[in-house]
2 protein chains.
Amino acid sequence: MKVTNLKELAQILDLSVSSVSKALKNRPDISLETRSRVKALAKEYGYVPNVLAQNLKSGKTRTIGVIIPNVLDEFFGMVLQGIEKQAAAKNYKIVICISDDKKTKEKDAIETLINGSVDGVLISIAKETQNQKNIEHLNRIVKHGTPIVQFDRVMTGLECDMISVDDFNAAFKATKHLMNTGCKRIAFITPISGTSVGGMRKEGYLQALNLKGGNLSKPIVIEIKNYTNFMQALRAALNKNKIDGILAADELSAIYAINTIQSLELMVPTDVSVIGFTNGMLAKCSNPTLTTVSQHAFKMGKKAVNQLIKRIEYPKRETDYIHSILKTDLTVRNSTKKINTATIQ
Amino acid sequence: MKVTNLKELAQILDLSVSSVSKALKNRPDISLETRSRVKALAKEYGYVPNVLAQNLKSGKTRTIGVIIPNVLDEFFGMVLQGIEKQAAAKNYKIVICISDDKKTKEKDAIETLINGSVDGVLISIAKETQNQKNIEHLNRIVKHGTPIVQFDRVMTGLECDMISVDDFNAAFKATKHLMNTGCKRIAFITPISGTSVGGMRKEGYLQALNLKGGNLSKPIVIEIKNYTNFMQALRAALNKNKIDGILAADELSAIYAINTIQSLELMVPTDVSVIGFTNGMLAKCSNPTLTTVSQHAFKMGKKAVNQLIKRIEYPKRETDYIHSILKTDLTVRNSTKKINTATIQ
DNA sequence: TTGTAGGCGTTATCAG
DNA sequence: CTGATAACGCCTACAA
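Residues numbered from 1 in each chain as written. Chains lettered and ligands numbered in written order. Predicted model: local features only at pLDDT ≥ 70, side-chain atom pairs only at ≥ 80, totals over all residues. Heavy atoms only, no water.

Draft legend 1. Examining the protein's contact with DNA strand D more closely. Not every one of the 24 residues close to DNA strand D is listed here, only the nearest: Leu6, Tyr47 and Gln54 of chain A together with Lys22 and Asp29 of chain B. If you look at DNA strand D and keep only atoms within 4 Å of the protein, 62% of those are sugar or phosphate atoms. In this structure, Ser19 of chain B approaches DNA strand D through a side-chain N or O atom, which is 2.9 Å from a phosphate oxygen. Of all the secondary structure elements, the ones that give two or more residues to the surface near DNA strand D are helix H2 (17–24) and helix H4 (51–58) of chain A together with helix H2 (17–24) and helix H4 (51–58) of chain B. Residue composition of the surface near DNA strand D, grouped by class: seven nonpolar, ten polar and seven charged. (Near = heavy atom within 4 Å. Polar contact = N/O pair within 3.5 Å; in protein donor to acceptor, adjacent residues only side chain to side chain. Helix = DSSP H or I, 4+ residues; strand = E, 2+ residues; numbered from the N terminus. Nonpolar A, V, L, I, M, F, W, Y, C, P; charged D, E, K, R; others polar.)

Listed below in structure tokens is the structure:
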């Protein structure tokens with residue numbers, strides 16, 4: 001009552017294996033009658049062709065490998081959702097490896113994937129790897145000939161396509177928004193100083209402060225290793241620098257910043273304005289709601305898949321690799337003051 | 001400078017394919033010298049055995065299929081993290097399909113997976129499927145002989161193992177906690193009334209209200225379809241019933257409840273206490289921080305993997321299927337009043 | 001219209 | 001110690 005391969009089906013039908021195979025693929029060189037007879041029986045016995053064999057034969061897997069630092073970060077979750085959706089739409093499966101921001105796990109994941117189980121790889125690079133600036137293990141994929149597309153956390157020096165967020169401009173615009181709402185002493189707080197993304201955001205912040213006009217303070221950059229000593233670090237900085245505006249390099253830092261400020265009996269945004277990144281649930285639910293950079297993570301996932309599939313299906317084109325950069329939007333909510341048109345520059 | 005299969009390697013080494021294969025597997029019937037010669041060359045040429053062929057031969061894939069409603073919900077994200085971690089530890093890969101809570105997508109996912117690409121399936125059932133109480137498509141996996149383990153959102157009537165959270169007791173204990181802190185008019189608000197999980201939580205709530213002692217109000221159950229009309233629905237209920245305690249069936253509802261209450265110039269927990277489920281970031285970052293049920297999602301993911309691998313690797317055992325139920329903890333924070341020992345029952 | 005043969009890359013068995 | 005052969009399940013020329 002259960003048939004697992006063509007041979008068994010063929011025996012029951014008293015046909016050859018190849019005829020059954022062709023009938024199931026609806027080939028015109030098999031008589032219509034036979035075709036329907038075969039298909040009916042196949043259905044009845046719940047026959048499903050073995051993909052492994054098909055893949056081995058065709059050399060394709062219709063599977064995309066995804067290496068991602070984690071899935072709990074809402075940004076990565078959104079990207080993943082986008083990846084899955086687009087992959088499903090294009091009839092690809094995805095296999096996921098979580099690097100946990102560790103280089104060794106990332107390396108293992110690569111070894112796991114480049115042995116024929118996937119047609120291509122999407123990767124966002126682990127913090128550790130970016131800190132160490134060591135991409136040998138990534139080069140292995142390239143050498144192996146497996147198409148690869150980097151997304152969000154990207155590193156140059158690898159022959160592959162990249163998709164990232166325009167983090168520089170995002171931070172630049174966000175900082176300018178703080179300036180336009182009257183902030184003079186703007187700090188940048190970051191738990192991701194070692195990543196490409198963190199670097200771009202910092203640059204954007206610094207550049208914006210360089211704009212003439214307004215008597216701004218010198219840059220105040222607060223780098224934190226993790227969230228445990230967050231409050232302490234920020235409190236110290238707040239007291240020392242009379243900060244009146246904060247650009248946080250991720251969502252959680254922004255939320256913690258709000259909490260810290262309020263714990264000092266200060267008001268957001270009256271005393272201190274706060275802008276974050278990611279535009280996730282935390283931003284929507286915080287009190288006050290958080291002004292934040294929207295990164296279009298879902299779209300990024302989709303685009304990454306499309307680009308990878310292009311490389312998979314048209315591998316010839318040795319055109320130069322592209323680096324596409326996604327624009328961001330600033331979603332203004334209540335953690336920043338209303339804009340004062342008189343002071344816009 | 002790149003070798004993709006044993007045949008090519010064998011030619012270079014002037015050996016037979018089978019000898020090379022054995023040498024790479026370090027078989028003692030190949031001379032030590034040959035073995036190292038082969039391995040050296042394999043490394044030099046970057047040879048990686050083709051898993052597809054290996055799998056076809058062995059009939060195993062060392063891959064687990066995961067069908068999950070979504071990955072953005074922090075609870076599912078945590079479960080997924082647990083699944084991935086344990087799978088990696090046991091040297092399994094995972095392929096992920098997101099059902100988006102839609103039955104058709106769930107069905108497609110099943111078809112995608114049971115054709116030999118995975119050794120077993122982990123599934124948490126889509127809302128739609130649970131609403132319709134239709135599990136034909138799930139039965140297909142069972143019929144096909146692929147081991148399957150259900151987690152969190154489970155349905156009976158399927159011959160398989162299940163792992164779920166003790167949602168009944170969780171809600172029961174949470175409701176009792178509200179009672180113990182002096183709440184008399186306790187409401188239950190749920191956006192997941194159609195799911196197994198939502199049902200259990202409601203039952204726990206109702207049972208707790210049935211306890212004698214304290215002059216409690218009748219049950220107040222607020223079922224919402226989505227979050228858009230949330231505020232309106234809750235405001236109406238608050239006005240009508242003088243609610244002083246809320247058990248929310250998920251994290252987001254709890255957060256929205258706090259916001260709604262505060263928007264009415266009421267205080268949490270002084271006027272209304274709130275308890276949620278999931279214990280995610282939102283609970284930790286809200287203001288006041290949220291008293292919440294911890295479900296140990298990560299552990300659930302791990303356990304599900306272990307159980308599935310057991311079935312995969314020892315398929316003979318036709319022992320009865322197990323349904324393991326994970327205990328929960330109540331994490332008390334600031335959205336509930338301090339307990340008044342005098343009123344504990 | 002149907003069947004036969006060979007091969008995708010690997011491995012287990014058995015022969016040399 | 002090494003090599004030839006068959007098999008996993010499927011597909012596609014080509015032959016009948």
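From this point, the narrative continues.
Draft legend 2. Summary view of the interface of chain B and chain A. Contacts between the two partners involve 46 residues from chain B and, on the opposite side, 46 residues from chain A. Both faces considered, chain B and chain A share a buried interface measuring about 3,900 Å² in area, 66% of it formed by carbon and sulfur atoms. On the surface where chain B and chain A come into contact, there are two salt bridges. Measuring nitrogen to oxygen at the nearest pair gives 3.6 Å for the salt bridge that ties Glu84 of chain B to Lys105 of chain A. Viewed at the interface, chain A and chain B are joined by nine residue pairs in polar contact (both at pLDDT 80 or more). At the level of secondary structure, the elements contributing two or more residues to the side of chain B that touches chain A comprise H4, helix H5 (74–89), strand S2 (93–98), helix H6 (103–113), helix H8 (136–144), helix H12 (251–263) and helix H13 (281–285) of chain B. Ranked by residues supplied to the side of chain B that touches chain A, first place goes to H5 of chain B with seven residues. When its residues are assigned to classes, the side of chain B that touches chain A shows 22 nonpolar, 15 polar and nine charged. (Contact = heavy atoms within 4.5 Å. Buried area = accessible area lost by both parts, 1.4 Å probe. Salt bridge = Lys/Arg side-chain N within 4 Å of Asp/Glu carboxyl O.)

Draft legend 3. Representation of the sheet that holds strand S6 (residues 186–190) of chain B in the model. Residues and elements named next belong to chain B. The six strands lie next to each other as S7-S6-S8-S9-S10-S12, forming an open sheet whose pairing is mixed. Both outer strands of the open sheet, strand S7 (220–223) and strand S12 (329–331), are each paired with one neighbouring strand and no more. The sheet shows a mean angle of 20 degrees between the axes of neighbouring strands, direction not considered. Relative to strand S10 (residues 291–294), strand S9 (residues 273–277) is paired through three bridges, and the arrangement is parallel. Residue Gly276 lies in a different strand from S10, and its bridge partner there is Thr292. Lying over the sheet, H12 contacts S6, strand S8 (245–248) and S9, oriented at roughly 160 degrees with respect to S9. (Pairing = 2+ DSSP bridges. Axes fitted to C-alpha atoms, helices over the stretch in contact; angles between N-to-C directions.)

Draft legend 4. Here's a closer look at the packing of aromatic side chains. Enumeration over the complete set of coordinates arrives at ten aromatic pairs over all chains. Taking the centre distance of 5.4 Å and the plane angle of 65 degrees together, the rings of Phe75 of chain B and Phe76 of chain B count as edge-to-face. Judged by its relative accessible area of 2%, Phe76 of chain B falls in the buried class. Each residue in the set Tyr227, Phe230 and Tyr256 of chain A is aromatic and connected to the rest through ring pairs, giving one cluster. The ring of Phe277 of chain A is capped by Arg201 of chain A, whose NZ or CZ atom sits 3.9 Å from the centre of that ring. (Phe/Tyr/Trp six-rings, centres within 6.5 Å; stacked < 30°, edge-to-face > 60°. Buried < 20%, exposed > 50% of the residue type's maximum accessible area, 1.4 Å probe, protein only. Lys NZ or Arg CZ within 6 Å of the ring centre and 35° of its normal.)

Draft legend 5. Structural view of the pairing of strand S11 (residues 323–326) of chain B. All names here are of chain B. Here S11 shows one buried face, formed by Ser324 and Leu326, and one open face, formed by His323 and Ile325. Of the strand pairs in this sheet, strand S5 (residues 161–165) and S11 are connected by four bridges, and their pairing is parallel. For Ser164, the partnering residue across the bridge sits in S11 and is Ile325.

Remember, this is a structural readout, not a statement about activity or role.
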